Amino acid sequence: MKKVLFILFNLLTITAMAQTKGRFEVHDLGNCKLHIYYTNDALGDASYIVEGKDALVTMEQPLFKDNVSEFDNYLSKLGKPVEKRVTDYHVGAPEATMW
């Protein structure tokens, strides 16, 4: 019985540690839209896209590769050029992607 409980505990631990990719939330502010990307990463970061009539501005791009890929795919589906990227990076993440 102890062996079964040990195996179940380890499976639960693995499941709890598994991360899913992030999610997007869109707020229509009238003359622009604010897209918020919750990375669901270990740092609990959020990234932002301000969508104007003709262009986009991004703020605080995600740090980790899976999130960068998801964010960039979403960005390309908006079909507008990125006019400006506002970034602020901190040293420490080995997978960090600099723009």
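Residues numbered from 1 in each chain as written. Predicted model: local features only at pLDDT ≥ 70, side-chain atom pairs only at ≥ 80, totals over all residues. Heavy atoms only, no water.

**Re the nonpolar core**
Part 1 of the reasoning: Formed by Tyr-37, Ile-49, Leu-56, Phe-71, Tyr-74 and Leu-75, the largest nonpolar core amounts to 6 residues.
Part 2 of the reasoning: Among the elements that line this core, the one with the most residues is helix α2 (residues 65-77), at 3 residues.
Part 3 of the reasoning: Setting aside residues up to four positions removed in sequence, Phe-71 forms contacts with Phe-24, Tyr-37, Ser-47, Tyr-48, Ile-49, Thr-58, Gln-61 and Pro-62. (Core = buried A, V, L, I, M, F, W, Y, C linked by side-chain atoms within 4.5 Å. Buried < 20%, exposed > 50% of the residue type's maximum accessible area, 1.4 Å probe, protein only. Helix = DSSP H or I, 4+ residues; strand = E, 2+ residues; numbered from the N terminus. Contact = heavy atoms within 4.5 Å.)

**Observations concerning the packing of aromatic side chains**
Part 1 of the reasoning: The final tally for this structure, using the stated rule, is 3 aromatic pairs.
Part 2 of the reasoning: Here the aromatic rings of Tyr-37 and Phe-71 are separated by 5.9 Å at their centres, their planes lie at 45 degrees, and the arrangement is tilted. Remark: Phe-71 occurs in helix α2 and Tyr-37 occurs in strand β2 (residues 33-38); sequence separation between them is 34 residues.
Part 3 of the reasoning: Cluster of aromatic residues (ring-pair linked, three or more members): Phe-24, Tyr-37, Phe-71 and Tyr-74. (Phe/Tyr/Trp six-rings, centres within 6.5 Å; stacked < 30°, edge-to-face > 60°.)

**Observations concerning the sheet that holds strand β3 (residues 46-51)**
Part 1 of the reasoning: Strands sit in the order β1-β2-β3-β4-β5 across an open sheet of 5 strands; the sheet is mixed. Edge positions in the sheet fall to β1 (23-28) and β5 (82-86), since each has one partner strand and no second. The sheet shows a mean angle of 15 degrees between the axes of neighbouring strands, direction not considered.
Part 2 of the reasoning: The pairing of β2 with β3 spans 6 bridges and is classified as antiparallel. Within β3, the position partnered with Tyr-37 by the bridge is Ser-47.
Part 3 of the reasoning: Here α2 sits on the sheet in contact with β1, β2, β3, β4 (56-59) and β5, set at roughly 10 degrees to β3. (Pairing = 2+ DSSP bridges. Axes fitted to C-alpha atoms, helices over the stretch in contact; angles between N-to-C directions.)

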